[in-house]
Amino acid sequence: MVNLLENKIEYLKGVGPKRALVLKKELGVETFGDLLNCFPFRHIDKSRIYTVAEIEDESVYYQLVGTVSNLKSYGNPRATRITADFNDESGTIELVWFKGLTWVKTRFAPGKKYVIFGKVSAFNNKFNFVHPDVEDFNPEDFTLGESLQGVYNSSEALKNNGLGSKQLAKLIKNVLLHTGNAIQEVIPKSILVSEQLLPRNEAYFQIHLPSNMNLLKKAHERLRFEEYFFFQLQLLHNKLNREAVIKGHVFSKVGNYFNEFFHTQLPFPLTNAQKRVIREIRIDTGSGKQMNRLLQGDVGSGKTIVALMVMLLALDNGFQAALMAPTEILANQHFASLTEMLKEIPVQIALLTGSTKTSERKIIYNKLTDGGLQIVIGTHALIEDTVIFKRLGLVVIDEQHRFGVAQRARLYDKNTTPPHMLVMTATPIPRTLAMTQYGDLDNSQIDEMPPGRKPVETIHLFHSQRLRMIGFMKKQIALGRQIYVVYPIIKESEKLDLINLQEGYASLLRDFPEPDYRICVVHGQMKSEDKDFEMQRFVKGQAHIMVATTVIEVGVNIPNASVMVIEHADRFGLSQLHQLRGRVGRGADQSFCVLMTDFKLTADGRKRMQTMVSTNDGFKIAEADLQLRGPGDTAGTRQSGLLEFRLGNLAKDEKIIQHIRRIVIELLNKDSKLTLAENQPAKNHFERIYKKNFDWSLIG
Ligand code: ADP
Ligand code: MG
């Protein structure tokens, strides 16, 4: 049976080929059904018309009907502001516009009635409307039964083709009236009942053409449930599928490499959290399943040694291991510290990055292929097709948030029996993201810092307090400490930012003259030899100050560096600030982080500074980040595009997602292939929306 909802949108009355193209381009709408999934972002309550005299609250949306008079332009020679009086029988209120003034000038005819809608603001002890929504008053809009009207996202291109919010509403109504009956239920009945959800067809009617507020809310809840439900079904199904089908290498024994290191080379006792995580990984890698584990641990919690010990476990079982880092600096540093830690253990280890020389690269390729190399550390260079391992048993990915999901998958494809994957993230992930973005991975957490760490003290200073900062830096240097000074580089204005850095560097040279002081510089546009050279001066303690861009953000470990100065700190996101701060506080000394900003800050910028000053807890910071910026910008999700929910809001829905995840787990526990009759519609829908043919038989 052909489902009417899959009809091409161009055949909808009032659309046609040209508009169909625009709908596809702007909204991704190709079918009738797609159009129904364009949900209104708010509703106008046509059932309630207020009067000017009733206005009393800045937080409420008001809708008024009346006339517009007394238009006045301000500004010379060009108008910059227009005001007008809006009048109904109860009184008059001012309307104000700062933009679209040409439109405003010709919009209103004397004596004609208009509907205006919006929130009021209080100005000089009076209320006014700034940029209210304006419509011609049409009594038919206010007929009973359709008092709540959806307002839809439109765009310039859509409007130019006669598809503003109102026209979209009309098309949607048309689809609902003619094909609404074709909307079939997709959530299993028992869940529908236990969760008290609206039936699906009713939910679609109610979200577009609500009968009342309460039903609108129920419709929203129902459709949001559905959205999360199928998202979790996909994640958990993939996980089940993978576990059932893909056999993992078995690391059955703990051998000499691991034992030797553990008993004679361990530089410090492991924390309980580190021990627990190693145990979790051992169980996983010994089980015959392929491990896919996310290792979360705040900056400085000691993930590297865990990675090293798991790599030794791989070696003990005759496998090779790879460690992939997002930047060359970090790869170099891992290579240096791992070779140091392994100097008494006979392990063949190499570094492979973009700047590895061709001749050397060939040797490494050969040794990876013939098994001569046991551990390789590198950057993206490791995922090139030319890299072929003899027996790759484990891949560790450090600082996952720098890698896209696709890159993760590429390493994963390198062998017929895929290696175990350990994905390490330095920025703790809010629980909602752990359940969505990483919802198909198992989760380990290092929730304990190595002993003796003093929390970093964070101070926020304005640029006008620069002298205070210089004095402070000098005191710290006199105590034998080293200092990072970091500048933001934002892609769009890279050149300008570099000037910032160079000017900053020049002024630091004046404040910290040679030979008493030495300053090194590292930024992304330097050749990698130069970068290394400068880096080494700092590592060896030959430079007191390192001026850098965020290339040092991840992983750099120099315990003697105890002050982090962040210039233009408000231009960084919270997780980046937290990462940067994590570069200090690694030794026994009290460390400091100084956030420098202008006096003028956006509300959001001020909130970020306050958050940084008030907490060192990465999880709290990650949550604050999610609240402030929304999931699209939070660490780890920037490249993925995975987390665009139509109705869901990850910053708010933690409990709901958790609840739905449990429901899906229960469902799959009972019926892993969704073969029961009552689960058929869910299965069909699932396959349709992910446009894939899942082989359910693979699940055992
Ligand atoms: P991250 O989790 O940020 O990658 P690292 O692995 O770089 O952290 O560890 C940070 C610092 O803490 C390193 O100098 C490391 O040697 C040290 N460290 C790690 N574990 C312990 C421990 N159990 N006791 C003492 N120091 C530790
Ligand atoms: Mg690290």
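Criteria and cut-off values
Residues numbered from 1 in each chain as written. Chains lettered and ligands numbered in written order. Predicted model: local features only at pLDDT ≥ 70, side-chain atom pairs only at ≥ 80, totals over all residues. Heavy atoms only, no water. Helix = DSSP H or I, 4+ residues; strand = E, 2+ residues; numbered from the N terminus. Buried < 20%, exposed > 50% of the residue type's maximum accessible area, 1.4 Å probe, protein only. Salt bridge = Lys/Arg side-chain N within 4 Å of Asp/Glu carboxyl O. Pairing = 2+ DSSP bridges. Axes fitted to C-alpha atoms, helices over the stretch in contact; angles between N-to-C directions. Core = buried A, V, L, I, M, F, W, Y, C linked by side-chain atoms within 4.5 Å. Contact = heavy atoms within 4.5 Å. Domains from an automatic or database assignment. Phe/Tyr/Trp six-rings, centres within 6.5 Å; stacked < 30°, edge-to-face > 60°. Near = heavy atom within 4 Å. Polar contact = N/O pair within 3.5 Å; in protein donor to acceptor, adjacent residues only side chain to side chain. Areas by Shrake-Rupley, 256 points an atom, 1.4 Å probe, with all protein chains shown as cover. Nonpolar A, V, L, I, M, F, W, Y, C, P; charged D, E, K, R; others polar. Expected span 1.5 Å × (residues − 1). Parallel < 35°, antiparallel > 145°, perpendicular 65-115°, else oblique. Left-handed = near helix turned anticlockwise from the far one by under 90°. Arc of directions from axis to C-beta.

Engineer: Residue-level account of the overall build of the protein chain, with values.
Structural biologist: Summing up its helical and strand segments, the protein chain has 23 helices and 21 strands in all. In terms of principal-axis extent, the alpha carbons of the protein chain reach across some 90 × 70 × 45 Å. The burial tally for the protein chain puts 52% of its 700 residues in the buried class.

Engineer: Account for the pattern of salt bridges, with residues named and values stated.
Structural biologist: As a working rule, side chains carrying opposite charge can pair if their charged atoms are close by. Tallied over the full model, the rule gives 23 salt bridges. Residue Asp604 pairs with Arg608 through a salt bridge whose shortest N-O separation is 2.8 Å. Residue Asp604 and its partner Arg608 are located together in helix 20 (residues 603-614), separated by four residues, close to a single helical turn. Assessed through its relative accessible area of 10%, Arg608 is described here as buried. Each of Arg276, Glu280, Asp284, Arg293 and Asp447 takes part in one network of salt bridges that share partners.

Engineer: Please give an account of the sheet that holds strand 14 (residues 420-425) that cites residues and values.
Structural biologist: Ordered in space as 11-12-10-13-14-9-15, the seven strands form an open sheet in which the pairing is parallel. If you trace the sheet from one side to the other, it starts and ends with strand 11 (349-352) and strand 15 (442-446), each paired once. On average, adjacent strands in this sheet sit at an angle of 20° to one another, irrespective of strand direction. Relative to strand 13 (residues 392-397), strand 10 (residues 320-324) runs parallel, the two sharing five bridges. Within strand 13, the residue paired with Met324 across the bridge is Ile397.

Engineer: Help me get a handle on the nonpolar core, residues and values and all.
Structural biologist: Counting 41 residues, the largest nonpolar core has Phe261, Val306, Leu342 and Leu394 as the members making the most contacts within it. Take this core: its biggest share by element is eleven residues, from helix 11 (residues 303-316). When residues no more than four places from it in sequence are discounted, the contact partners of Phe261 are Asn256, Leu266, Pro267, Ile305, Leu308, Met309, Leu312, Met341, Leu342 and Ile345.

Engineer: Provide a residue-level description of the environment of Val68, including the pertinent values.
Structural biologist: One can find Val68 in strand 2 (residues 61-74). For Val68, a relative accessible area of 6% corresponds to the buried category. The spatial distance from the C-alpha of Val68 to the C-alpha of Gly573 is 45 Å, given a sequence separation of 505 residues. Contact partners of Val68, with chain neighbours within four places excluded, come to Ala84, Asp85, Phe86, Asn87, Leu95, Phe108, Lys112 and Tyr114.

Engineer: Before we move on, could you go through the domain arrangement of the protein chain and cite the residues and values that matter?
Structural biologist: Here the protein chain is partitioned into domain 1 (48-144), domain 2 (256-446) and domain 3 (457-615). On a C-alpha basis, the centroid separation for the pair domain 1 and domain 3 is 50 Å.

Engineer: Can you lay out the packing of aromatic side chains for me, pointing to particular residues and giving the numbers?
Structural biologist: On inspection of all chains with the given rule, the structure shows 13 aromatic pairs. Geometrically, the ring pair formed by Phe225 and Phe229 is stacked, given 6.0 Å between the ring centres and 20° between the ring planes. Taken together, the positions of Phe225 and Phe229, both in helix 8 (residues 213-245) and four residues apart, correspond to about one turn of that helix. Pairing Phe472 with Phe592 gives two aromatic rings, centres 5.0 Å apart and planes at 85°, and the pair type is edge-to-face. In this pair, Phe472 is assigned in helix 16 (residues 466-478) and Phe592 in strand 21 (residues 592-597), connecting sequence segments 120 residues apart. With a relative accessible area of 12%, Phe592 lands in the buried category. Through successive ring pairs, a cluster of aromatic residues spans Trp97, Phe108 and Tyr114.

Engineer: With reference to specific residues and values, describe the site of ligand 1.
Structural biologist: As a matter of local geometry, ligand 1 sits amid 16 residues, with Gln274, Gly300, Lys303, Thr304 and Arg453 nearest to it. At 2.6 Å from an oxygen atom of ligand 1 is found a side-chain nitrogen or oxygen belonging to Arg453. Considered on its own, ligand 1 offers 560 Å² of accessible surface; in the complex 84% of this is hidden by protein. In the shell around ligand 1, the residues fall into five nonpolar, seven polar and four charged.

Engineer: Kindly report on helix 5 (residues 165-179), identifying the contributing residues and their values.
Structural biologist: Residues spaced three or four apart along an α-helix face the same direction, because each turn holds 3.6 residues. Between the first and last C-alpha of helix 5 there are 21 Å, a value that for 15 residues agrees with the 21 Å anticipated at 1.5 Å per step. For helix 5, the full list of buried residues reads Ser165, Leu168, Leu171, Ile172, Asn174, Val175, Leu176 and Thr179. Of the surrounding elements, those touching the buried residues of helix 5 are helix 1 (16-27), helix 2 (32-36), strand 8 (148-151) and helix 7 (200-208).

Engineer: Explain the packing of helix 8 against helix 22 (residues 654-670) residue by residue, including any values.
Structural biologist: Geometrically, a packed helix pair is captured by the angle between its two axes and the distance between the axes. Contact geometry for helix 8 and helix 22: axes closest at 9 Å, N-to-C directions at 50°. Here helix 8 is positioned oblique relative to helix 22, judged by the angle of their axes. Relative to helix 22, the crossing made by helix 8 is right-handed. Facing Arg224, Phe225, Tyr228, Phe229, Gln232, Leu233, Leu236, His237 and Leu240 of helix 8, the residues of helix 22 in contact are Ile656, Ile657, Ile660, Arg661, Ile663, Val664, Ile665, Leu667 and Leu668. Looking at the contact of helix 8 with helix 22, its residues break down into 14 nonpolar, two polar and two charged.

Engineer: Explain the side chain of Ser444 residue by residue, including any values.
Structural biologist: Here Ser444 is to be found in strand 15. Note on Ser444: relative accessible area 1%, which makes it buried. Of note is the side chain of Ser444, whose polar atom sits 2.8 Å from the side chain of Arg293. Beyond its immediate stretch of four places on either side in the chain, Ser444 contacts Val277, Glu280, Arg293, Leu294, Leu295 and Gln296.

Engineer: Give me unusual backbone geometry: which residues, what numbers.
Structural biologist: The omega torsion across Glu514 and Pro515 is 0°, close enough to zero to call that bond cis. As for its placement among the helices and strands, Pro515 is situated in the loop between helix 17 (494-511) and strand 18 (519-522). The phi dihedral of His568 falls on the positive side, at around 50°, and the residue is not glycine. Within the fold, His568 resides in the loop between strand 20 (561-566) and helix 19 (574-581). Residue classification places His568 among the buried residues on the basis of a relative accessible area of 18%.

Engineer: Summarise helix 18 (residues 528-539); cite the residues concerned and give the values.
Structural biologist: Taking 1.5 Å of rise per residue, the twelve residues of helix 18 would be expected to cover 16 Å, and the 16 Å separating its terminal C-alpha atoms lies within 8% of that figure. Lys531, Glu534, Met535, Arg537 and Phe538 are the residues of helix 18 that are buried. The buried residues of helix 18 occupy an angular sector of 155° when projected down its axis, which confines them to one face. In helix 18, those exposed residues whose orientation departs by more than 90 degrees from the buried face are Glu529 and Phe533. Where helix 18 is buried, its residues contact helix 12 (328-341), strand 17 (482-486), strand 18, strand 19 (545-548) and strand 20. At the C-terminal side of helix 18, Gly541 shows a positive phi close to 80°.

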